[in-house]
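As a plain string of letters, each chain reads:
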Amino acid sequence: VRGVDPQRALAQIRKFASQPVEGLEYVDAGGWLPADKVNWSVSRALEYCIDDHAVAALAAFCGDEMTADYYSERARNYRHYFDPVTGYMRGRLSDGTFREPFDPSFSLHMEADYVEGNAWQYTWLVPHDVYGLIALFGGDEPFLKQLDALFAADSALNEGASIDITGMIGQFAHGNEPSHHITYLYAYAGQQHKTAEKVRQVCSEFYTTSPDGLIGNEDCGQMSAWYVFSALGFYPVNPVAGVYVFGSPLCHEAVIRTASGKSFVVKAENNSEKNIYIQSVT
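Attention in this report is confined to the structure presented alongside it. Just so it is clear, the model here is predicted, and its values are computed rather than measured.

### Details of the pattern of salt bridges
Logical step 1: Summed over all chains, the structure comprises 10 salt bridges.
Logical step 2: A salt bridge links Arg44 to Glu22; its shortest N-O distance comes to 2.8 Å. Placement of Arg44 in helix H2 (residues 41-61) and of Glu22 in the loop between helix H1 (6-17) and H2 is noted, with a sequence separation of 22 residues between them.
Logical step 3: Several salt bridges share partner residues, and in doing so they unite Asp28, Asp52 and Arg74 into one network.

### Remarks on the packing of aromatic side chains
Logical step 1: For the structure shown, the criterion picks out 18 aromatic pairs.
Logical step 2: Taken together, a centroid distance of 4.8 Å and an interplanar angle of 80° make the contact between Tyr70 and Tyr71 edge-to-face.
Logical step 3: The exposure class assigned to Tyr70 is partly exposed, which follows from its relative accessible area of 34%.
Logical step 4: Ring centres 5.7 Å apart and planes at 80° place the aromatic pair Phe234 and Tyr244 in the edge-to-face group. Taken together, the residues span a long stretch of sequence, with Phe234 in strand S5 (residues 234-238) and Tyr244 in strand S6 (residues 243-246) at a distance of 10 residues.
Logical step 5: Of the residues examined, Phe234 reaches a relative accessible area of 13% and is grouped as buried.
Logical step 6: Positioned over the ring face of Trp32 is Arg92, at 4.5 Å from the centre of the ring.
Logical step 7: Cation over ring: Arg92 sits above Phe98, and NZ or CZ is 5.7 Å from the ring centre.

### Quick look at the side chain of Thr195
Logical step 1: In this fold, Thr195 is placed in helix H7 (residues 192-206).
Logical step 2: Reaching out from Thr195, the side chain makes a polar contact with the backbone oxygen of Thr183 at a distance of 2.8 Å.

### A word on the packing of H2 against helix H3 (residues 65-74)
Logical step 1: At their nearest, the axes of H2 and H3 sit 8 Å apart, and the two run at 165° to each other. In terms of their interaxial angle, H2 and H3 are classed as roughly antiparallel. Viewed along their axes, H2 and H3 form a crossing whose handedness is left-handed. Residues Cys49, Asp52, His53, Val55, Ala56, Ala59 and Ala60 of H2 form the contact with H3, whose participating residues are Thr67, Ala68, Tyr71, Ser72 and Arg74.
Logical step 2: Grouping the constituent residues of the contact of H2 with H3 by class yields 7 nonpolar, 3 polar and 2 charged.

### A word on unusual backbone geometry
Logical step 1: Here the amide bond leading from Glu100 into Pro101 is cis, since omega sits at -5°, within 30 degrees of zero.
Logical step 2: Along the chain, the position of Pro101 falls in the loop between strand S2 (88-89) and helix H4 (119-122).

Quick notes on the rules
Residues numbered from 1 in each chain as written. Predicted model: local features only at pLDDT ≥ 70, side-chain atom pairs only at ≥ 80, totals over all residues. Heavy atoms only, no water. Salt bridge = Lys/Arg side-chain N within 4 Å of Asp/Glu carboxyl O. Helix = DSSP H or I, 4+ residues; strand = E, 2+ residues; numbered from the N terminus. Phe/Tyr/Trp six-rings, centres within 6.5 Å; stacked < 30°, edge-to-face > 60°. Buried < 20%, exposed > 50% of the residue type's maximum accessible area, 1.4 Å probe, protein only. Lys NZ or Arg CZ within 6 Å of the ring centre and 35° of its normal. Polar contact = N/O pair within 3.5 Å; in protein donor to acceptor, adjacent residues only side chain to side chain. Axes fitted to C-alpha atoms, helices over the stretch in contact; angles between N-to-C directions. Parallel < 35°, antiparallel > 145°, perpendicular 65-115°, else oblique. Left-handed = near helix turned anticlockwise from the far one by under 90°. Contact = heavy atoms within 4.5 Å. Nonpolar A, V, L, I, M, F, W, Y, C, P; charged D, E, K, R; others polar.

The values are spatial; any link to function lies outside them.
And the structure:
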């Protein structure tokens with residue numbers, strides 16, 4: 001953000017990130033938020049990892065390598081919640097064991113290890129280190145197998161499940177922000193064509209021009225922002241990195257007028273409802 005003193009910003013952010021509240025007091029103690037002591041432990045922790053990645057990036061920008069290394073390591077704490085046996089992010093108790101019993105589809109509104117979601121959805125909330133997540137699965141093949149399973153799973157939810165789990169394709173829930181990057185994860189494992197298919201499906205089935213034309217919660221405009229990006233043909237899975245992942249553009253041509261006064265033009269040749277796959281990008 002131009003016009004802001006980055007050193008001063010970093011000092012304030014470091015102060016915030018080390019407060020002993022909302023489970024943050026456990027981050028350095030054991031690396032994970034104990035599910036028997038902190039509500040929404042998995043959801044909180046995964047979002048803290050994303051935050052820590054951003055702090056690390058700011059610290060690196062400021063030339064503070066020690067702080068950057070510290071927060072980069074904290075950003076990898078998501079590994080504590082991954083269960084290689086089941087292939088899900090799970091709540092971990094104070095003694096280090098995973099909470100039992102476990103059902104990836106189970107959810108309670110505003111309670112338990114996940115907030116506004118379940119293990120199916122939150123397992124993928126590592127947008128800042130997708131390749132690290134793929135490594136936890138054991139490589140592209142098992143990662144893709146679980147990703148396919150997400151979209152093919154039964155969409156049924158238990159009684160009392162979070163009301164925010166909407167816009168379902170299997171157990172993928174486009175109606176809430178933690179799932180918004182998931183359709184783009186196929187590209188990281190060599191199957192970009194599936195990203196194209198899922199993005200087109202979401203755009204056509206979950207967005208309409210009627211008064212209730214959004215499938216879920218429009219927090220800060222994110223449901224619409226996802227559509228705008230996806231219509232252009234790309235999406236910032238990890239906004240901190242400034243990297244965009246290709247999907248499947250809806251627009252035949254679109255113009256982004258940048259702050260510098262220049263125009264960034266997107267042209268999709270031979271684009272149609274049937275020709276949805278990107279063959280090459282120039």
